[in-house]
Amino acid sequence: MDAREPRRRGLFHRRWMDMSIAGAALFVSAVSLWVGIRTEEANEKLVVASTWPFLQVVASNATPEGKAILSFSVVNEGVGPAKVESFEVFWKGRPYTSVLELMKACCGYRKLGGPIHPGEMQSKLLTGSVQGIVLRAGESEAFVIYDLGQDNLAVWNAMSDARAHLRYRLCYCSALDECWRTAIIGEAVTREQLHPQSVQACPVPKVAFTQ
């Protein structure tokens, strides 16, 4: 028997052990790297989820107590703040710049001043701006508040009926500058409304609804 054979076996055994240890270390490193990447991805998703905004338009014609008041508001139903980059309002396919312009077109509204005829004197109309504001989670901003009175029944009813036919387009961003664009049709809940389109940045609308 060759006297070098045990030595060769010993060297082979040590090399095999070294390779096994190195392979195990490489495997552990790979697993640790994979776990680290997955943990980082999970943390990023958690941060994104915790700052996620979700805007909707809510319109009603009465308060919880039953008082007849028309109210149109943008509401943040998400869990993070929303920067409202743009807001558009459409009636019969045409965009409008203000509540007064819209109500003249849809509902026969007339501003006070000049001769007053029956049905034309509309009071207690409050307007607000949505574009360019920040809405915290659970917060809302009204852009129309319109009381029903004896002098504005026809216009008030026309505006109440218009709720189902108005169309809105919103573009908003989170605190992490992730942005979404959504279209809302009246009071209908559509797939596009529930799944707003993710965009790199909000485009500037041709006709913004400012007040």
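Q: Quick question: what am I supposed to make of the side chain of Ser98 here?
A: Secondary-structure assignment places Ser98 in the loop between strand 4 (94-96) and helix 2 (99-107). You can call Ser98 buried: its relative accessible area is 17%. Separated by 3.1 Å, the side chain of Ser98 and the backbone nitrogen of Glu101 make a polar contact. With residues near it in sequence (within four places) discarded, Ser98 still touches Phe209 and Gln211.

Q: For this particular structure, what's the right way to read the pattern of salt bridges?
A: In a structure, side chains of opposite charge can pair up when their charged atoms sit close to one another. For the coordinates displayed, the defined rule picks out 4 salt bridges. Two residues, Lys83 and Asp177, come together in a salt bridge whose shortest N-O distance is 2.5 Å. With Lys83 in strand 3 (residues 82-91) and Asp177 in the loop between strand 8 (167-173) and strand 9 (179-185), the pair connects residues that are 94 residues apart, well separated along the chain. Between Glu88 and Arg169 there is a salt bridge; the shortest N-O distance is 2.9 Å. On the criterion of sequence distance, the pair formed by Glu88 in strand 3 and Arg169 in strand 8 is long-range, its members being 81 residues apart. Exposure remark for Glu88: the relative accessible area of 5% places this residue in the buried category.

Q: Sorry if this is basic, but what is going on with the state of the cysteines here?
A: A covalent bond bridging the sulfur atoms of two cysteines is what the word disulfide describes. Under the definition given, this model contains 3 disulfides. Residue pairing for Cys171: its cysteine sulfur links by disulfide to Cys202, the two sulfurs lying 2.1 Å apart. Given an S-S torsion of about -85°, the disulfide between Cys171 and Cys202 has left-handed geometry. One end of the pair, Cys171, is in strand 8; the other, Cys202, is in the segment after strand 10 (197-199), and 31 residues separate them in sequence. Each member of the pair, Cys171 as well as Cys202, is classed as buried. The side chain of Cys173 participates in a disulfide bridge whose partner is Cys179; the two sulfur atoms lie 2.0 Å from each other. Since a negative S-S torsion denotes a left-handed disulfide, the Cys173-Cys179 link at about 100° is right-handed. Like Cys179, Cys173 is buried. What connects to what in the protein, once the bonded cysteines are numbered by sequence position, is 1-2, 3-6, 4-5.

Q: Got a minute to help me understand the sheet that holds strand 1 (residues 55-60) in this structure?
A: Within the open sheet, the 4 strands sit side by side as 1-2-7-5. Their pairing is antiparallel. On the outer flanks of this sheet lie strand 1 and strand 5 (125-127), each paired with one strand and no other. On average, each strand axis in the sheet is tilted by 10° relative to the strand beside it, whichever way the strands run. Across 6 bridges, the pairing between strand 1 and strand 2 (residues 69-76) is antiparallel.

The rules behind these values
- Residues numbered from 1 in each chain as written.
- Predicted model: local features only at pLDDT ≥ 70, side-chain atom pairs only at ≥ 80, totals over all residues.
- Heavy atoms only, no water.
- Helix = DSSP H or I, 4+ residues; strand = E, 2+ residues; numbered from the N terminus.
- Buried < 20%, exposed > 50% of the residue type's maximum accessible area, 1.4 Å probe, protein only.
- Polar contact = N/O pair within 3.5 Å; in protein donor to acceptor, adjacent residues only side chain to side chain.
- Contact = heavy atoms within 4.5 Å.
- Salt bridge = Lys/Arg side-chain N within 4 Å of Asp/Glu carboxyl O.
- Disulfide = S-S within 2.5 Å.
- Pairing = 2+ DSSP bridges.
- Axes fitted to C-alpha atoms, helices over the stretch in contact; angles between N-to-C directions.

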